[in-house]
Number of protein chains: 2
Amino acid sequence: MDFLQLADRIIDHSAGDKQQADSAAVRDRRRTLTDFSNIYSKELLPASGGDEMTKEFLQELLKILLAYICKSTRRSAKVLDFHHPHQLKEGLEGFSLQLPDQPETLEQILVDCRDTLKYGVNTGHPRFFNQLSSGLDVIGVAGEWLTSTANTNMFTYEVSPVFILMEDVLLKKMQSIVGWSDDEGDGLFCPGGTISNLYSILVARYYFYPEVKTRGMGVLPQLALFTSEHSHYSVKKSAAALGIGSDNVVMVKCDERGKMIPVELESSIVTAEQKGLVPFYVNATAGTTVYGAFDPLNDIADICQRHNLWMHVDAAWGGGLLMSDRHKVKLQGIERACSVTWNPHKMMGVPLQCSVILIKKRGLLQECNELGADYLFQRDKPYDVSFDTGDKSIQCGRHVDVFKFWLMWKAKGSEGFGSQVNKCLENAEYLYDQLQRRAGFELVFKNKPEHSNVCFWYIPPSLRSLPPGPKRDTRLHQVAPQIKRRMMEKGSVLIGYQPLGTKVNFFRCVFSNPATQQMDVDFLLNEIAQLGEDL
Amino acid sequence: MDFLQLADRIIDHSAGDKQQADSAAVRDRRRTLTDFSNIYSKELLPASGGDEMTKEFLQELLKILLAYICKSTRRSAKVLDFHHPHQLKEGLEGFSLQLPDQPETLEQILVDCRDTLKYGVNTGHPRFFNQLSSGLDVIGVAGEWLTSTANTNMFTYEVSPVFILMEDVLLKKMQSIVGWSDDEGDGLFCPGGTISNLYSILVARYYFYPEVKTRGMGVLPQLALFTSEHSHYSVKKSAAALGIGSDNVVMVKCDERGKMIPVELESSIVTAEQKGLVPFYVNATAGTTVYGAFDPLNDIADICQRHNLWMHVDAAWGGGLLMSDRHKVKLQGIERACSVTWNPHKMMGVPLQCSVILIKKRGLLQECNELGADYLFQRDKPYDVSFDTGDKSIQCGRHVDVFKFWLMWKAKGSEGFGSQVNKCLENAEYLYDQLQRRAGFELVFKNKPEHSNVCFWYIPPSLRSLPPGPKRDTRLHQVAPQIKRRMMEKGSVLIGYQPLGTKVNFFRCVFSNPATQQMDVDFLLNEIAQLGEDL
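Looking at an unreviewed UniProt entry, chain A carries the name Glutamate decarboxylase 1, with the source organism given as Channa argus. Per UniProt, chain A carries the Subunit (unreviewed entry) text "Homodimer."

Quick notes on the packing of helix 5 (residues 106–118) of chain A against helix 14 (residues 403–437) of chain B
Between two packed helices, the angle of one axis relative to the other and the distance separating the axes together describe the packing. Running from amino to carboxyl end, helix 5 of chain A crosses helix 14 of chain B at an angle of 150°, the nearest separation of the two axes being 10 Å. Between helix 5 of chain A and helix 14 of chain B, the interaxial angle falls into the category roughly antiparallel. For helix 5 of chain A against helix 14 of chain B, the interelement crossing comes out right-handed. Where helix 5 of chain A abuts helix 14 of chain B, its residues A:Ile109, A:Asp112, A:Cys113 and A:Thr116 lie against B:Phe403, B:Trp406, B:Leu407, B:Lys410 and B:Ala411. Among the residues making up the contact of helix 5 of chain A with helix 14 of chain B, the classes are represented as six nonpolar, one polar and two charged.

Quick word on helix 11 (residues 262–274) of chain B
Residue and element names in this part refer to chain B. Here helix 11 is 13 residues long and its end C-alpha atoms lie 19 Å apart, about the 18 Å a rise of 1.5 Å per residue gives. Within helix 11 the residues assigned to the buried category are Leu-265, Ser-268, Ile-269 and Ala-272. Here the buried residues of helix 11 occupy an arc of 100° about the axis, which is enough to place them on one side. Those residues of helix 11 that are exposed and angled more than 90 degrees off the buried face are Val-263 and Gln-274.

Things to note about the interface of chain A and chain B
Contacts between the two partners involve 152 residues from chain A, matched on the other side by 152 residues from chain B. Across the chain A-chain B interface, the total number found is ten salt bridges. Residue A:Lys484 pairs with B:Glu158 through a salt bridge whose shortest N-O separation is 2.4 Å. Taken together, the connections running from chain A to chain B amount to 70 residue pairs in polar contact (both at pLDDT 80 or more). For the side of chain A that touches chain B, the element with the most residues is helix 3 (residues 51–72) of chain A, which contributes 13 residues. Looking at the side of chain A that touches chain B, its residues break down into 80 nonpolar, 43 polar and 29 charged.

Topic: the relation of the copies chain A and chain B
For the pair of chain copies, the relating operation is a rotation around an axis with a shift along it. Superposition of chain A onto chain B requires a rotation of 180° combined with a translation of 0.0 Å along the rotation axis, giving an RMSD of 0.0 Å. Taken together, the rotation angle and the small translation identify this as a two-fold axis. When C-alpha positions in chain A are compared against the rotation axis, the closest is assigned to A:Leu242, at 2.1 Å. Taken together, the interface assignments show that 100% of the residues at the interface of chain A recur at the interface of chain B, consistent with an identical surface on both copies.

Concerning the confidence of the model for chain A
Residues and elements named next belong to chain A. Per-residue pLDDT for chain A averages 94, and the proportion of residues at 70 or more is 94%. Summarising per-element confidence for chain A, the mean pLDDT is lowest in helix 1 (residues 3–11) (43) and highest in strand 6 (residues 310–314) (99). Under a pLDDT of 50 for its full length, residues 1–21 has, in the predicted model, 45 contacts with residues more than four places off or in other chains. Note on residues 26–31: pLDDT is under 50 here. Beyond four places in sequence and across chains, it has twelve contacts.

Considering helix 6 (residues 138–150) of chain B
All names here are of chain B. A rise of 1.5 Å per residue sets the reference length of helix 6, with its 13 residues, at 18 Å; its end C-alpha atoms lie 18 Å apart and thus fit the reference within 8%. Taken across its 13 residues, helix 6 has 13 buried, putting it largely inside the fold. Between the side-chain oxygen at the start of helix 6 and the backbone nitrogen of Ile-139 there is a gap of 3.1 Å, and the oxygen is on Asp-137. Looking one or two residues past helix 6, Asn-151 carries a phi angle of roughly 45°, positive in sign.

Thoughts on the nonpolar core
Counting 313 residues, the largest nonpolar core has A:Phe57, A:Phe456, B:Phe57 and B:Phe456 as its most contacted members. Counting residues in hydrophobic clusters, the runner-up holds 62 residues, among them A:Leu365, B:Leu188, B:Ala204 and B:Ile244.

Observations regarding the domain arrangement of chain A
Partitioning chain A into domains gives domain 1 (3–122), domain 2 (153–400) and domain 3 (409–532). Its C-alpha centre places domain 1 of chain A at a distance of 42 Å from the equivalent point of domain 2 of chain A.

Digging into the sheet that holds strand 9 (residues 441–443) of chain A
Residue and element names in this part refer to chain A. With mixed pairing, five strands are arranged side by side in an open sheet as 1-11-12-10-9. A single partner strand is all that each edge strand has here, and the edge strands are strand 1 (128–129) and strand 9. Where strand 9 lies against strand 10 (residues 454–458), three bridges are found, and the strand directions are antiparallel. Note on strand 10: the bridge partner recorded for Glu-442 is Trp-457. Those strands touched by helix 14 (residues 403–437) are strand 9, strand 10 and strand 12 (503–509), and its axis lies near 30° from that of strand 10. Against the sheet, helix 15 (residues 470–490) touches strand 9, strand 10, strand 11 (494–500) and strand 12, its axis set at about 155° to strand 11.

Rules used throughout
- Residues numbered from 1 in each chain as written.
- Chains lettered and ligands numbered in written order.
- Predicted model: local features only at pLDDT ≥ 70, side-chain atom pairs only at ≥ 80, totals over all residues.
- Heavy atoms only, no water.
- UniProt positions renumbered as here; feature names shortened; annotations may be inferred.
- Axes fitted to C-alpha atoms, helices over the stretch in contact; angles between N-to-C directions.
- Helix = DSSP H or I, 4+ residues; strand = E, 2+ residues; numbered from the N terminus.
- Parallel < 35°, antiparallel > 145°, perpendicular 65-115°, else oblique.
- Left-handed = near helix turned anticlockwise from the far one by under 90°.
- Contact = heavy atoms within 4.5 Å.
- Nonpolar A, V, L, I, M, F, W, Y, C, P; charged D, E, K, R; others polar.
- Expected span 1.5 Å × (residues − 1).
- Buried < 20%, exposed > 50% of the residue type's maximum accessible area, 1.4 Å probe, protein only.
- Arc of directions from axis to C-beta.
- Salt bridge = Lys/Arg side-chain N within 4 Å of Asp/Glu carboxyl O.
- Polar contact = N/O pair within 3.5 Å; in protein donor to acceptor, adjacent residues only side chain to side chain.
- Least-squares fit on C-alpha atoms with pLDDT ≥ 70 in both.
- pLDDT = per-residue confidence, 0-100.
- Core = buried A, V, L, I, M, F, W, Y, C linked by side-chain atoms within 4.5 Å.
- Domains from an automatic or database assignment.
- Pairing = 2+ DSSP bridges.

What follows is the structure, encoded as structure tokens:
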């Protein structure tokens, strides 16, 4: 058995095999070129003559990683091998999280790597439906490996010439896809969609009240923001952090489908003004987290125009649909936004993290955030320093999130991303169709999915004859958590649930993993029905 | 020649060899197992039967990465191969940054990877002195490769059981090293030190004025913050973003060595109060960016105690010294801080990014930032949900920055980090000694380095006879930029410079790369003298 097959077996979550595999691992490791059991990291580079040992060590690591990658799409493998926090903390089968004073051997380091993967969650599994980000794109992973090997920072062209230019190229491409002209558009790659949304509020506030940067909120009127009740909590979170206050975020009512109601937005604006608040910002969502709903962007843009408000579109989840000729119509009006959040790490399958804030008006981001630290952003450098983008950011050091995305774009082309998005939405339509055909399942809303979100209840046989009302609701509210608990313990599939407004706990299925096929949708429904039958 | 040797040659920046190496690359690739020139990413996993192709592709990538890693510590290699932005944008020797509509072959993807490394900056080179983060730790890189392969998110235990617990273990360890008791301490891994510092201000404001979260800064008095004139610009940047206003950050005077003067702090506080401002927060720096100075923490803690102010210690750069029995004395008093920033990606050599905010009072971080989104942080989950740390954060999705650090700690032990820090400081002392012995070099301040920063001017022969004064200063101000330009064009070494206060441009050398040895210090000084001799 070569090490690769062996690593496969070890990572395989099948219980029972464990001890056998472990002792085989030890035997096998001794048969490989190098015995790492008495070698320490100080023998790796930069140690003199450490080249060979470094190569051998990373080759061994690669075997473990390759075994995991190959396994990640294998349906026979578990999605997770659940343990409670106290179990993992106590140290399972020799896997200790504790930090030593003395170094451990490279053998132990490799075992720790294997165990870390073993006790983790396989987010690339075709039956992992738990999060908006899923799948494991091989090119994306390759991009991240290279990024960490290059180990640099996004603050200046001086230390990141290639990555800084790639960011420029990608931002321009995304701006053009959003529909902005060549002389518009600015932006940054950010550590996640919440920070991207935070930037939109920060820059909007600066646009209307530039004095806030130096003098603070004390000299401003009491501002108000508007976002739908189905929107992401990041708008409130950012308003709290930025000193605007979460109470000054007005939650606008949605229709049954989860879309912001334009007339409600307009009346909320008027009401806020009557209360003495000063509206300045509206967040429209393109692809809500739970329902996958698209707010009516053109109607919202009209209202923003009438009231002179900053229009932001949170397309963290829905932005990917712009890559599909079939689905981009759902984002019509996005070109009228002053700013857009778009997370390629969601619908486009780029490894975590990869999120973008786009700002239509060029220069604002720099003006809003620059402080011009001399030690980093010297003006007397030997190149065009307008490429030193670090001072646009509220970070100083910034992780290189762009390369994996750039590499995936090279490898797939725009068209490849389009097909990938189409396939995910086809899976959602298939699930939607199946739910209508199967006994015991009930849709949370009737309409066909617009994004890849499908929301539904499973009604166990014991509840099917109960009339609608509080008694049924109380019992139904317990069903999804109980099924989820069994699912986690079994490790066969993973899907999220939540309550929303007056609706009790329901499942939300989302598709963003290109590995998922219709058979996985069938499996999910069968599994839910089986795990919940006796509830 | 095997592919590995070949990749070495290709990445080697030696001009002239380029065409020859390229055609050799094509020939050689054809001799390997797989010809990638007509294979596309759609044949990789999750494509059915994509296992073999995925393995072969990632093996090829590994060869490129290994060649780069081995080269990164080789002194004969260039630190960088400088090109202007317009040159790289135009596409050098076939390296095009443009994004295609149609997919490109895996052959092209591998060539793009090679070129990306070729035109980047080798931050692991023993003669890269440009940034506080340098070096390329093999275990750290291995950790990042695994992290990206696991591709998950830090918001819940549900999707990151192992990483969430590792974060808990590491935060507790760091808190104990700072000197906090077992029942104190909370924290988070953050995307960089600036965001860590932002958290400290955010939480301090919430601690004194919890109503700010819901009602905003409008209901608060006009706050004031204090930090030294040598401190990092992130304090001002955060004050601007959080709606406090950068003008309300009082810059406290430093002594000649760059340390905050306690009596100046106290008088600044009194003055601010007299102006009607309300002081609430003091940032003390442990290891300033340019001078590497340590503020007198105990004196500052006394003042904070007297005036009931939040004391933050920005030990982004200096925190690493806590790992060294020899040097930790420089941070005496840090245990009295209410919060601490510490970046293991700087002095401890962890790959970018790895930054931590520690908060002494437990629970504050959660209260300050939680919004309790139902779809993510359900209370009816089948495990102890106090491990779902995502709502402590101002992010939603959060990159896994903890694993590489955990793995390095396993591989080195606390003691290994200590020796690494000691070695960097020995290099600084060696440089300090050399500067005093060599003609043409002048120290910016006389004292022995406390951290690994050493600041100095090179005085070209033509300036040595000029008397001190504006004329000499004007000419001296041009020297460092001109030497840096030549250095970048030659690619032999990289070091930063900046002006500071009334001091004209000077070089700042920092040591954080374990690959650097005394011969590299000698090389640096020789190179500066040679490149600047005729100025």
